[in-house]
Amino acid sequence: MKTWKLVSGILSMILFILVAVQSCAAGMVNALENNGGSSGSTGIIVGVLMLAGGIVSVATRKSKGKGGNIALVILFGLAALMGFAGYGNYSDLVIWSFWCLINAVLAAIAMIKNKKEA
């Protein structure tokens, strides 16, 4: 799981840039169309949570405790929940939310696996 945490953390930090750019574009579309949508703002929040999850994932990849995995489940789980709930006209947010959901599930699996090994 150490390798997965490193790879997913680096990918999450890189994907943050793409999510942020897309979210700004979606927010601009919402503003120009004056449709009352908030998917651009939701995308920024998902991106920031994804960035934070990526940093925590890389920083805690070698830790033996379960605190890092709990933080990952919370960060990525919250990002996935918010993304699925508020994607609106920003349909790519579903893809990034699914990525966050995968990371949250794998962090939960790592936490359970570490519990059995201890």
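Notes on the structure follow. Computed from a predicted structure; not experimentally measured. (Residues numbered from 1 in each chain as written. Predicted model: local features only at pLDDT ≥ 70, side-chain atom pairs only at ≥ 80, totals over all residues. Heavy atoms only, no water.)

Describing the side chain of S57
Alright, step 1. Inspection of the secondary structure assignment puts S57 in helix α2 (residues 39–59).
Alright, step 2. Residues in contact with S57, not counting those within four places in the same chain, are K5, S8, G9 and L72. (Helix = DSSP H or I, 4+ residues; strand = E, 2+ residues; numbered from the N terminus. Contact = heavy atoms within 4.5 Å.)

Looking at empty space enclosed by the protein
Alright, step 1. What the rule picks out here adds up to 1 cavity of 30 Å³ or more.
Alright, step 2. Each pocket or cavity is described by its volume, and for the largest cavity that value is around 50 Å³.
Alright, step 3. Lining the largest cavity, in full, are M1, W4, K5, S8, S57, L72, F76, N103, L106, A107 and A110.
Alright, step 4. If one sorts the elements of the lining of the largest cavity by residue count, helix α4 (residues 93–117) sits on top with 4 residues.
Alright, step 5. For the lining of the largest cavity, the per-class residue count stands at 7 nonpolar, 3 polar and 1 charged. (1 Å grid on protein atoms, 1.4 Å probe; cavity = no way out; pocket = protein on both sides within 12 Å on 5 of 7 lines; lining within 4 Å. Points joined across faces, edges and corners; volume = space filled by probe spheres on them. Nonpolar A, V, L, I, M, F, W, Y, C, P; charged D, E, K, R; others polar.)

Things to note about helix α3 (residues 67–85)
Alright, step 1. When the terminal C-alpha atoms of α3 are compared, their 27 Å separation across 19 residues agrees well with the 27 Å that a helix rising 1.5 Å per residue should span.
Alright, step 2. Residues G68, N69, L72, L75, F76, A79, A80 and G83 constitute the buried set of α3. Along the axis of α3, the buried positions cluster into a sector of 135°, meaning they face one direction only. Among the exposed residues of α3, those oriented more than 90 degrees off its buried face are I74, L81 and A85. (Expected span 1.5 Å × (residues − 1). Buried < 20%, exposed > 50% of the residue type's maximum accessible area, 1.4 Å probe, protein only. Arc of directions from axis to C-beta.)

Honestly, that's just the spatial picture; any functional story needs more than this.
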